[in-house]
Amino acid sequence: METSSSELLVIGGGPVGLSLALGLAQRGHGVKLLDAGPDPRQLKTPPPARSTALMPLSLETLTDLGAWPRVAHMSQPLDKLRLIDDQADRWTNPVIEVFSADEITDTPFGSNIINTDLTAALLDLADDTDGLSLHYDSAVESWKPGEVTLADGVVMTGDLIFDCAGRHSPVPAQAGIAIKDHRPNQIALVCQIEHSIDHDNISTEFQRREGPLTTVPLPRSDRDKPRSAIVWVHRPENAEKLGDLDDDAFQKTLQSALRGVLGEITGMRARGGFKVGTQIAETFHGPQLALVGETAHVLPPLGAQGLNSSFADVAVLLSLFDHPSKVADPDMLRRYGAKRRSDVISRLTATHFLNQAIQNDRLGLDHARRGALKSLGWLKPVRHGLMRAGMRPFGVG
Ligand SMILES: Cc1cc2nc3c(=O)[nH]c(=O)nc-3n(C[C@H](O)[C@H](O)[C@H](O)COP(=O)(O)OP(=O)(O)OC[C@H]3O[C@@H](n4cnc5c(N)ncnc54)[C@H](O)[C@@H]3O)c2cc1C
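Here the structure is a predicted model, which is why all the values come from computation and not from measurement.

Cut-offs applied
Residues numbered from 1 in each chain as written. Predicted model: local features only at pLDDT ≥ 70, side-chain atom pairs only at ≥ 80, totals over all residues. Helix = DSSP H or I, 4+ residues; strand = E, 2+ residues; numbered from the N terminus. Buried ≥ 20, exposed ≤ 12 C-beta atoms within 10 Å, placed from the backbone. Contact = placed C-beta atoms within 7 Å. Pairing = 2+ DSSP bridges. Axes fitted to C-alpha atoms, helices over the stretch in contact; angles between N-to-C directions. Core = buried A, V, L, I, M, F, W, Y, C linked by C-beta atoms within 7 Å. Domains from an automatic or database assignment. Parallel < 35°, antiparallel > 145°, perpendicular 65-115°, else oblique. Left-handed = near helix turned anticlockwise from the far one by under 90°. pLDDT = per-residue confidence, 0-100.

**Q** Just to check I follow, could you spell out the overall build of the chain for this structure?
**A** In terms of regular secondary structure, the chain is built from 11 helices and 19 strands. Counting the 397 residues in the chain, one finds 41% classified as buried. In the chain, the share of contacts with a sequence separation of at least 24, taken over all contacts with a separation of at least 6, comes to 76%.

See below:
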């Protein structure tokens, strides 16, 4: 059996694993990154072009790594968030509330970028980073403290193992870490649209009983048209019906649901669908092991918290392991777990509560929710506190 030794192992080469591996190598650690899939640069058909709205802390982390300056020009700033309570019936008008980043800060809420553009920049940077090696077609099948075995039988050892492989990682179960899994039974349909009216850097979220419909600004298209990403959450039966529609019919249905906020849809691409679920590990660390990103927590695509929470994990780990000597400190992983789990729990609770309040059709709750949204118009301390909490995780920086 072939055995290879490294100081640190990172499992998973998505944006989270790549960022963590880069940051650790930049701090002088020797790092091997293992990914089950092929090298994304060799793919003939790229994965569906999903985009992610990144908040200031994620942008700071990517800037510190040297990645953001390489892709900032491919992103679109988010200056305003417009919430539309879309449960209006014939007796009530929809409640609309617009939150503007300049109420609390002189920077945008965040920036939206196509995931594959971000990954490409991280891979470019990895090529220029000493001490980091990338191993593709290397699926981790089993784990024990300080050691993983790949599907082809190769054993790799590391003083610490950082698992960024996501919700299907085999490692937490093998480490005896239970995962609490909650499936709200929703599907997120995604696509990119070109439209006739400029988005003015406004992201709009229609709060609908079935699940939110969100538009997120993107840079102009190749045809120099205003462009936005769409995330449209449905119950599975309706998602399936919409998924079966041809592009023309789907576009018409979406056009009507958007109530003209982006004018007319003039083009559409990159249709796809993702299961929405929430998940949290009972602890984010084990012996010589850290669970990072979606291995530790999965959040629904409400309020753009998913990847941002994962980048907060990366930021905390990089601040704790800022020198190779820290690897020997047994308290570091416990501190990471304690810092990050409490923030994730508060975010999961908030998104779960919001989801339930929107889905529930009891009249009293509907009134209470609309009242709460309206009151955010004048309750400035609460309004600004919520805006700040959405932009910046607790326990970081
Ligand atoms: C519709 C939708 C919209 C979203 N919008 C936002 C948003 O606006 N803002 C936001 O912050 N988040 C958003 N998210 C969440 C965000 O997209 C994810 O958190 C992010 O893409 C996950 O990145 P990652 O690096 O953690 O994992 P991935 O990109 O999934 O990478 C995991 C890697 O691990 C590898 N792997 C898996 N198993 C193994 C194994 N056994 N051994 C070795 N390697 C393995 C895989 O090959 C893969 O490359 C959204 C999610 C959805 C579904």
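Having seen the structure, we can now continue with the description.
**Q** Explain the sheet that holds strand β3 (residues 51-54) here, please?
**A** Strand pairing in a sheet relies on backbone hydrogen bonds, with the paired strands running either antiparallel or parallel. With respect to topology, 3 strands assemble into an open sheet ordered β3-β7-β4, the strand pairing being antiparallel. The two strands at the open ends of the sheet, each matched to only one other strand, are β3 and β4 (76-78). Looking at each pair of strands side by side, their axes are set apart by 30° on average, direction ignored. Across the face of the sheet, helix α4 (residues 115-127) comes into contact with β3 and β7 (110-114) while running at roughly 85° to β7.

**Q** Could you clarify how one ought to interpret the nonpolar core in this entry?
**A** In a soluble, globular protein the nonpolar side chains are often hidden away together inside. If you look at the biggest cluster of nonpolar residues, it comprises 85 residues, and the most contacted ones within it are Val10, Ile11, Leu20, Ala21 and Ala290. Two domains each provide a minimum of three residues to this core, namely domain 1 (3-69 + 114-181 + 278-360) and domain 2 (72-112 + 183-277). The contact partners of Val10, leaving out residues within four places of it in the chain, are Gly17, Leu20, Ala21, Val31, Leu33, Phe162 and Cys164.

**Q** In this structure, what is going on with the packing of helix α1 (residues 15-26) against helix α8 (residues 306-320)? I would like to understand it.
**A** When two helices pack together, their arrangement is given by the angle between their axes and by how far apart the axes lie. Running from amino to carboxyl end, α1 crosses α8 at an angle of 15°, the nearest separation of the two axes being 10 Å. Compared by their axis directions, α1 and α8 come out roughly parallel. In this structure, α1 crosses over α8, and the sense of that crossing is right-handed. Together, Pro15, Val16, Ser19, Leu20 and Gly23 of α1 and Leu307, Ser310, Phe311, Val314, Leu317 and Leu318 of α8 make up the contact between the two elements.

**Q** Can you walk me through the confidence of the model for the chain in this structure?
**A** Low pLDDT means the predicted atomic positions in that stretch should not be read closely. For the chain, per-residue confidence averages 88 on the pLDDT scale, and 83% of positions sit at 70 or higher. Below a pLDDT of 50 lies the segment residues 1-5, which in the model reaches 7 contacts outside its immediate sequence neighbourhood of four places, other chains included.

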